[in-house]
Every structure is written in C-alpha cells, then in structure tokens.
Amino acid sequence: MTLPLRRELADVEPYGAPQLDVPVRLNVNENPYSPSKAVIDDIVEGVRRAASNLNRYPDRDAMELRAALSDYLKKESGVSVPGERIWVANGSNEVMLHLLQAYGGAGRSMMSFAPTYSMYHEYARDTGTTWIQGERNADFSLNMEAIEDAIAKHRPSVLVLTSPNNPTGTALTLEEARQVAELTRGSGPEIDGHATDTVFVVDEAYAEFRRDGVPSALELLETYEHVVVTRTMSKAFGMAGLRLGYLAATRQVIDDVMKVRLPYHLSATSQAVALAALRHSEELMSQVAHLRDSRDALVEWLREQGLQVASSDANFVLFGKFQDREKVFQDLLERGILIRVVGPEGFLRVSVGTDEENSRFKDAFKEILK
Ligand SMILES: *Cc1c(COP(=O)(O)O)cnc(C)c1O
C-alpha cells in the first residue's frame, strides 16, 4: 500500500514534548497546582447542567463564554474588549490555526523571529503558508532593522511575536510592539492591486505572569485594527487539560475566522468548564502572584550559581550556558526532574513549580553542578 501523504509531511515527527511519568515535571510550563475543591465542585456542577442538553449542538458562537472572557480581560489588564471582539477555540493553538486558515495559504507567508515557539511553523506548513523565520538579537530583544527589511522583502500575511516569549521568557515593551504595529501597516500581500495590512499577532500565552509595569499588547487594539492578541487558559489559569484559547481583535477578524472554523468547534462541556473556572479567576490570580514571586526567586538563585539567565516575565526560566546541555538534562532526569532542552545551543528551560518542586530542582541542580 502507498498512501498519498502530502510531500511536506513525509519526514515530519508529530509534535510533542516527552510526557514522562516522573515525580517533578517542569517541562511544559503548566501551572503546577491542580484546581481547588471549590473550582472542581463548580466545574462538576456546570458540566452536570450542560450534560442535560448534550443531545443538542453547543452554542456555536459561545456568546456567554466570550462575555465572561471580556470581563476577565478587563479585570486582568484594564482594557475593555467586548465579547463580540473575542474569539474562542480549543486552545490558542487552534486560534492560531484559524488565523492561518483565514489569512495564510498558498503564495502567502507567515513570519516570526527566533528563538521562539516551535509550533508556529507547523500551522504555516499545515495551511500551505510559507514560513519565514528571522533572528532576534543575542539578548533576545527584537532587531527592528531586520524586521523592517524582512517585512519589506516578504510582505507577510501574518507576523507573530510571542510576549512574554517562549522559550526566553522575555516580554516586548509597548514601544517595541507599537513599532512593529506601525511597520505592519500596509505591508501585507496585495489584493486586486491594493495593499493589505499584515495581521500582527501578539501571542500572550504567558501574559498573566508579566512583572508589574509590563503592559499588555491589548492596549494597542484601539489604535491598530490589524493587531490580534491571543491568550490561553492553559498556563496561568491552570487549565491546560481543558484546551481553551482565545483572541481579542477588531470585529472584522472575528468575522473572518468564523468562516474557517469547524461547525460547533467548541464543545458544550468545554464552554461549561471554562465558564466555571472563570468564576474563580480571583482565587487563581492569587496563585499566579505566588508563582511570579517564585519565578523571581528562581532567576536570582540561578544567577547566584554563576549562570546566564534571561529576565523572565513568564512562568519559566531560560538558563545556561552548558557545554553539554543534554547531559545536564539527563542528570536531572535521573533525579526525577524533567525540564526541557530548548532554545539556543547551551541553554535549558525550567518551568516554575510548587515550592516543593522548586527546592527539589535546586537541590538536584546543586548536586550536578558540583
Ligand atoms: C503554551 C503556549 C501556548 C498555549 O497553547 P494552548 O493551545 O492554548 O494550550 C501558546 N503559545 C505559546 C507561545 C505557548 O508557549
């Protein structure tokens, strides 16, 4: 048998960080705390109610959930984005795919600047969009000149920047984001002789972990209609298992992605669970405050060990440099601690865990450094 697999998939390995059953898992930036009893009870009650209607298709437009996310964003960042300008899907990964299905495709390109999240090029590939990757500066900040040149050369349909960035943890300043928003005006592919804007996506998967005074790109939405901000409940919210991501943008973007979503893409149970979790956002945010403190302490501790450590606005830390990072990774794994080999050569990334997990990581790491 020979199946007609698309050529570009021939040598592809399915994406996946190792899901190993070890005591301390600090490799995929999850919130280390499982939901509290109060959250679980509310979720169970929400699902019970949804279950009585499972013979029916879910609310296709998820209006109640989008309104709840609007309230949450207002509380979290002070920016008002009405529910009609929010889009929800199964993880921000699906949100990104929707954007590429609407704005990418054959003869078009998507651009980002490394080191950054490794999934973007897969959405590009899966939608037949050309993937273009430039480089950040050595300190992981943006090289504006390189960005300007690359935009002029390729006229991308979509440009995505991650802030705080994964795997570096570094955030864009509002000024940098504004500069890129300016550069992407009128820089997209021509349609019928008319220039379009490049859709400028700021992936804010880790936004809730940013340090005080670091603004969200949500603040750009009023000025720049081609800016899209994506968020997720997978990280700070502690709901990676739920698969719920969303974006905030102008109304036009919502109308466009609605054309490509699968009918009833977001299950009634997902909507019910997300609504229940959002009712507990204040409790969850106090947990985030603790994780931010732990992150700051971890950055400081790693620096005290004489390592090079990127300033982090996320719930993970990139540190190095090691002659043989694979060996450090393996030595930690032998001690029951799973982190991630990712980022520039010589670097490793560790997610912030519970207090107990963080001290186990530090103890094991001290042993290895000896
Ligand atoms: C974890 C992560 C996401 C989250 O994806 P979901 O599909 O919402 O779980 C998005 N972007 C980046 C950069 C991430 O690291």
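Cut-offs used in this document
- Residues numbered from 1 in each chain as written.
- Predicted model: local features only at pLDDT ≥ 70, side-chain atom pairs only at ≥ 80, totals over all residues.
- Heavy atoms only, no water.
- Pairing = 2+ DSSP bridges.
- Helix = DSSP H or I, 4+ residues; strand = E, 2+ residues; numbered from the N terminus.
- Buried < 20%, exposed > 50% of the residue type's maximum accessible area, 1.4 Å probe, protein only.
- Contact = heavy atoms within 4.5 Å.
- Expected span 1.5 Å × (residues − 1).
- Arc of directions from axis to C-beta.
- Axes fitted to C-alpha atoms, helices over the stretch in contact; angles between N-to-C directions.
- 1 Å grid on protein atoms, 1.4 Å probe; cavity = no way out; pocket = protein on both sides within 12 Å on 5 of 7 lines; lining within 4 Å.
- Points joined across faces, edges and corners; volume = space filled by probe spheres on them.
- Nonpolar A, V, L, I, M, F, W, Y, C, P; charged D, E, K, R; others polar.
- Near = heavy atom within 4 Å.
- Polar contact = N/O pair within 3.5 Å; in protein donor to acceptor, adjacent residues only side chain to side chain.
- Areas by Shrake-Rupley, 256 points an atom, 1.4 Å probe, with all protein chains shown as cover.
- Sits in = over half its atoms within 2 Å of the grid points.

A.B. asks: Explain the sheet that holds strand S14 (residues 348-351) to me, using residue names and the numbers behind them.
C.D. replies: Read across the sheet, three strands follow the order S11-S12-S14 without closing on themselves; strand pairing throughout is antiparallel. If you trace the sheet from one side to the other, it starts and ends with strand S11 (308-309) and S14, each paired once. With two bridges connecting them, S11 and strand S12 (residues 316-320) associate as antiparallel partners. Paired with valine 309 across the bridge in S12 is phenylalanine 319.

A.B. asks: Could you give an account of the side chain of asparagine 27, naming the residues involved and the relevant values?
C.D. replies: Summarising the element assignment, asparagine 27 is placed in the loop between strand S1 (24-25) and helix H1 (37-51). For asparagine 27, a relative accessible area of 4% puts it in the buried group. When residues no more than four places from it in sequence are discounted, the contact partners of asparagine 27 are Ala17, Pro18, Leu338, Ile339, Arg340, Arg349 and Ser351.

A.B. asks: Explain helix H11 (residues 355-369) to me, using residue names and the numbers behind them.
C.D. replies: Compared with an ideal rise of 1.5 Å per residue, which puts 15 residues at 21 Å, H11 spans 21 Å between its outermost C-alpha atoms and is within 8% of the ideal. When H11 is considered as a whole, its buried residues turn out to be Glu357, Asn358, Phe361, Ala364, Phe365 and Ile368. Buried positions in H11, seen along its axis, are confined to an arc of 135° and lie on one side of it. Along its buried surface, H11 packs onto S1, helix H9 (281-304), S12, helix H10 (325-334), strand S13 (337-338) and S14.

A.B. asks: Hey, could you go over the sheet that holds strand S2 (residues 86-89) for me, with residue numbers and the actual values?
C.D. replies: The strand order across the open sheet formed by seven strands is S2-S10-S9-S8-S5-S3-S4, and the pairing between neighbours is mixed. The open sheet is flanked by S2 and strand S4 (130-135), the only strands paired with a single partner. On average, each strand axis in the sheet is tilted by 25° relative to the strand beside it, whichever way the strands run. Inspection of the sheet shows strand S3 (residues 109-114) paired to strand S5 (residues 158-162) by two bridges, in the parallel sense. Looking across to S5, one finds that methionine 111 is bridged to leucine 159. Strands S2, strand S9 (227-232) and strand S10 (245-248) of the sheet are contacted by helix H7 (residues 251-258), whose axis makes an angle of about 30° with S2.

A.B. asks: How would you sum up empty space enclosed by the protein? Please name residues and give values.
C.D. replies: Unoccupied space between atoms shows up once a probe the size of one water molecule is rolled over them. In this structure the tally under the stated criterion is two cavities of 30 Å³ or more. The computed volume of the largest cavity comes to approximately 50 Å³. Looking at side-chain class alone, the lining of the largest cavity contains six nonpolar, three polar and one charged residues. The calculated volume of the second largest cavity comes to roughly 40 Å³. Along its surface, the second largest cavity is lined by Ser163, Pro164, Ala171, Glu204, Ala207, Arg210, Val214, Pro215 and Ser216.

A.B. asks: Got a sec to walk through the layout of surface pockets? Specific residues and values, please.
C.D. replies: Counted as a void, the largest pocket has a volume near 810 Å³. Lining the largest pocket are 35 residues, with Tyr15, Val28, Asn93, Tyr117 and Lys235 positioned closest to its centre. The element that contributes the greatest number of residues to the lining of the largest pocket is helix H3 (residues 91-103), accounting for four residues. Split by residue class, the lining of the largest pocket holds 15 nonpolar, 13 polar and seven charged. Roughly 380 Å³ of internal volume is contained in the second largest pocket. Every residue lining the second largest pocket is counted, 16 residues in all, and those nearest its centre are Ala50, Glu64, Ala268, Ala272 and Leu275. Of all the elements in the fold, those that place two or more residues in the lining of the second largest pocket are H1, helix H2 (63-77) and helix H8 (268-278).

A.B. asks: Just give me the short version of the site of the ligand, but keep the residues and values in it.
C.D. replies: Not every one of the 14 residues close to the ligand is listed here, only the nearest: Asn93, Tyr206, Thr232, Ser234 and Lys235. At a separation of 2.7 Å, an oxygen atom of the ligand approaches a polar backbone atom of serine 92. At 2.7 Å, a side-chain N or O of arginine 243 approaches an oxygen atom of the ligand. When the free accessible area of the ligand is taken as 380 Å², the share hidden by the protein chains comes to 93%. Here the ligand is seated within the largest pocket. Per-element accounting of the shell around the ligand gives the leading share, three residues, to H3. A per-class count over the shell around the ligand returns four nonpolar, seven polar and three charged.

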